[in-house]
Amino acid sequence: MALEDIPRLGCGRSIDRIWATLNQPPTAHEAQCDQCQAARTRLKGLSEATRSLREGDLHNPALKPRPGVTNAILDVARAEVRRSKRILLHRTDNGTTEISEQALSSIIRFAATTIPGIHSRRCRIEIRSAADSLSGEDNPTGNSRTTTNAGPHLFVNLRVAAAAGIDIPRTVDALRREIGNAIPAGVGISAGTINITVEDLYDV
Amino acid sequence: MDDHGPGFEAEPDLDEGSIVARAQDGDLAAFEHLVITYQDRVFRLAYRMLNDRGQAEDIVQETLTTSWHGLHMLADVDAFGGWIYRLATNKCLDLLRKRSTRAENVTNPDDIRSVTETGTTRAAAGTDPAHEAEWSAQQDGLTAVLNTLPPAQRACWLLREMHGRTYAEIGATLKISPTAVRGTLARARHQIAEGMSQWR
């Protein structure tokens, strides 16, 4: 389909052009052309009916699905909720203590709500044992330190949207401090490494 | 329900992209917010496409359930709305194709009557009764002629005029170029305006 498919009146005017200029006074041609005047009248009627139908449908209580539909959708979502991975917080001779990534994310997201100008988005959390951390980049000298009491080391990777116009470094530092306080207060382990990515700006 | 749905009392100005991103992480409260935001829009589109309440509800349920399953694959969180409209429109067109292979389109007159009586005259409420009646007749004419358009053309008109979607997005949905969307819309307006002038 191409532009030449746009219907034209017998006088050559395209319907598209008449529609686009409906709110303007008729041109000299349109003022003396019967076909254009008739088309303008019809299209004005359509424009009004369109606006009226749009508003009517928007506020029409009958044009909504019944509440059972919402529940059915959410039931499916609940039944098929993607299981988040579990993070090992603590291991003893009598068993292990784990927390779901989702539960830990909710603590992090709640902490983020206290920082104006930040909307938290996706959150990924990994845990490495202190031994892994110390044997890697965190301990390049390779000292043979004991690791048994150092506990797990969390790696939080949080993506956020920031309000346009804020001081991003300062705000993100404040966010990192807030998360750094919330994790030990919430689950009793230190926050470890908190990587924050500002992936979008939103208009205030 | 307020504008922000459940679960976001602490963040009343949360942008949709952030809500979509959280739903991608499996956050049910975020997904519920999206369901509540889009279910009425999808219903209005599907109802005007299909003229059948039950089938329009099925489209709402299928569209939003499909979105939950595919959400993690959505690369651009800001494209969620366009994606939902694309899913819903194509489900409606599929259903109409199946219908046309079975029988003629059937419009349930009770459905049309109930919708017309309860809502579509509201925009003119408060005006004099004669004007109101004329207004309602105009809308009845519009919906009657709309239902005579081929399904893809009707979808194009509804997506643009009732839902304000962009030419690019409508083109992606209907697998035509934005230029072809413009042409389709112009023909739809011409046919509807002509049809309305003869409708009584």
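Everything numeric in this text was worked out from a predicted model, so none of it was measured. (Residues numbered from 1 in each chain as written. Chains lettered and ligands numbered in written order. Predicted model: local features only at pLDDT ≥ 70, side-chain atom pairs only at ≥ 80, totals over all residues.)

A.B. asks: Explain the overall build of chain B to me, using residue names and the numbers behind them.
C.D. replies: Helix and strand counts for chain B stand at nine helices and zero strands. Helices and strands in chain B line up, N terminus first, as α-α-α-α-α-α-α-α-α. (Helix = DSSP H or I, 4+ residues; strand = E, 2+ residues; numbered from the N terminus.)

A.B. asks: If you had to explain the confidence of the model for chain B to someone new, which residues and values would you point to?
C.D. replies: All names here are of chain B. For chain B, the mean per-residue pLDDT works out to 85, and 78% of the residues sit at or above 70. When the criterion is pLDDT under 50, residues 1–6 qualifies, and its contacts beyond four places in sequence or with other chains add up to ten contacts. A low-confidence stretch, residues 117–126 stays under pLDDT 50, and its non-local contacts, those more than four residues away or across chains, total 29 contacts. (pLDDT = per-residue confidence, 0-100. Contact = placed C-beta atoms within 7 Å.)

A.B. asks: Explain the interface of chain A and chain B to me, using residue names and the numbers behind them.
C.D. replies: By a frequent convention, interface size equals the accessible area lost on bringing the separate parts together. Facing the 53 residues of chain A at the interface are 58 residues of chain B. Listing elements by their share of the side of chain A that touches chain B, those giving two or more residues are α1 (15–20), α3 (34–58), α4 (67–79), α5 (101–113), β3 (118–128), β4 (153–163) and β5 (193–202) of chain A. Here the side of chain A that touches chain B gets 13 residues from one element, more than from any other, and that element is α3 of chain A. Of the residues belonging to the side of chain A that touches chain B, the class tally is 25 nonpolar, 13 polar and 15 charged. (Nonpolar A, V, L, I, M, F, W, Y, C, P; charged D, E, K, R; others polar.)

A.B. asks: Requested: an account of the pairing of β4 of chain A, with residues and values cited.
C.D. replies: Residue and element names in this part refer to chain A. With eight of eleven residues buried, β4 is to be regarded as a mostly interior element. In terms of strand pairing, β3 meets β4 through nine bridges, oriented antiparallel. Residue pairing across strands places I127 opposite L154, the latter belonging to β4. Examined bridge by bridge, β4 and β5 share nine bridges and lie parallel to one another. (Buried ≥ 20, exposed ≤ 12 C-beta atoms within 10 Å, placed from the backbone. Pairing = 2+ DSSP bridges.)

A.B. asks: Requested: an account of the nonpolar core, with residues and values cited.
C.D. replies: V42, A46, V60, A88, C92, C156 and I192 of chain B are the most contacted members of the largest nonpolar core, which totals 60 residues. At eleven residues, the largest contribution of residues to this core is made by helix α2 (residues 28–50) of chain B. Leave out the neighbours within four places in its chain, and V42 of chain B touches I59, V60, T63, I84 and A88 of chain B. Judged by nonpolar contacts, the second largest core, of 21 residues, contains C123, A161, A162 and I179 of chain A. (Core = buried A, V, L, I, M, F, W, Y, C linked by C-beta atoms within 7 Å.)

A.B. asks: Run through the confidence of the model for chain A, naming residues and quoting values.
C.D. replies: In this model, chain A carries a mean pLDDT of 85, and residues with pLDDT of at least 70 account for 86%. Predicted confidence for residues 134–149 of chain A stays below pLDDT 50, and this span has six contacts to residues more than four positions away or in other chains.

A.B. asks: Run through α5 of chain A, naming residues and quoting values.
C.D. replies: Residue and element names in this part refer to chain A. Helix length check: α5, at 13 residues, gives a terminal C-alpha distance of 18 Å against a target of 18 Å (1.5 Å per residue), a fit within 8%. Buried residues of α5: L104, S105, I108, R109, A111 and A112, and no others. Taken around the axis of α5, the buried residues stretch over an arc of 155 degrees, which confines them to a single face. Those residues of α5 that are buried are in contact with β1 (86–92), β2 (95–100), β3, β4 and α7 (168–187). (Expected span 1.5 Å × (residues − 1). Arc of directions from axis to C-beta.)

A.B. asks: I'd like a description of the packing of helix α8 (residues 167–174) of chain B against helix α9 (residues 178–198) of chain B, backed by residues and values.
C.D. replies: Residues and elements named next belong to chain B. The contact between α8 and α9 brings their axes to 8 Å, and the two run at 95 degrees. If you check the angle between α8 and α9, you find them roughly perpendicular. Packed against α8, whose contacting residues are Y167, A168, I170 and G171, the element α9 presents P178, A180, V181 and R182 at the interface. Looking at side-chain class alone, the contact of α8 with α9 contains six nonpolar, one polar and one charged residues. (Axes fitted to C-alpha atoms, helices over the stretch in contact; angles between N-to-C directions. Parallel < 35°, antiparallel > 145°, perpendicular 65-115°, else oblique.)

A.B. asks: Describe unusual backbone geometry, naming the residues involved and giving the relevant values.
C.D. replies: Residue and element names in this part refer to chain B. Its identity is not glycine, yet N51 carries a phi of approximately 55 degrees, on the positive side. A positive phi angle, near 60 degrees, is found at K175, a position not held by glycine. The residue K175 is located in the loop between α8 and α9 in this model.

A.B. asks: Got a sec to walk through the pairing of β1 of chain A? Specific residues and values, please.
C.D. replies: All names here are of chain A. Relative to β2, β1 runs antiparallel, the two being bridged by six bridges. Each bridged residue has a counterpart across the sheet, and for L88 the counterpart in β2 is E98. Linking two consecutive strands that pair antiparallel, namely β1 and β2, is a turn of two residues.

A.B. asks: Talk me through the packing of α2 of chain B against helix α3 (residues 53–70) of chain B; I want residue IDs and the actual numbers.
C.D. replies: All names here are of chain B. Closest axis-to-axis distance for the α2/α3 pair is 8 Å, and the angle between their directions is 140 degrees. Viewed along their axes, α2 and α3 adopt a mutual orientation that is oblique. Our pair here, α2 against α3, has a crossing hand that is right-handed. Of the residues in α3, those in contact with F31, V35, Y38, Q39, V42, F43, A46, Y47 and L50 of α2 are R53, Q55, A56, E57, I59, V60, T63, L64 and W68. (Left-handed = near helix turned anticlockwise from the far one by under 90°.)

A.B. asks: If you had to explain the environment of F80 of chain B to someone new, which residues and values would you point to?
C.D. replies: All names here are of chain B. The residue F80 is located in helix α4 (residues 80–102) in this model. On the basis of neighbour counts, which here come to 22 C-beta atoms within 10 Å, the residue F80 falls in the buried class. In sequence terms F80 and L142 are 62 residues apart; their C-alpha atoms lie 30 Å from each other. Ignoring anything within four residues of it in the chain, the contact list for F80 reads E16, V20 and L74.

A.B. asks: Give me the lowdown on the sheet that holds β4 of chain A, citing residues and values where you can.
C.D. replies: Strand order across the open sheet formed by three strands is β3-β4-β5 (chain A), with mixed pairing between neighbours. The open sheet terminates on both sides in strands that have one partner only, identified here as β3 and β5 of chain A. For this sheet, the mean inter-axis angle between neighbouring strands, taken without regard to orientation, is 15 degrees. Contacts between α5 of chain A and the sheet are confined to β3 and β4 of chain A, with β3 of chain A contributing the most and set at about 140 degrees to the helix. Helix α1 (residues 16–24) of chain B contacts β3, β4 and β5 of chain A of the sheet and is inclined by roughly 25 degrees relative to β3 of chain A.

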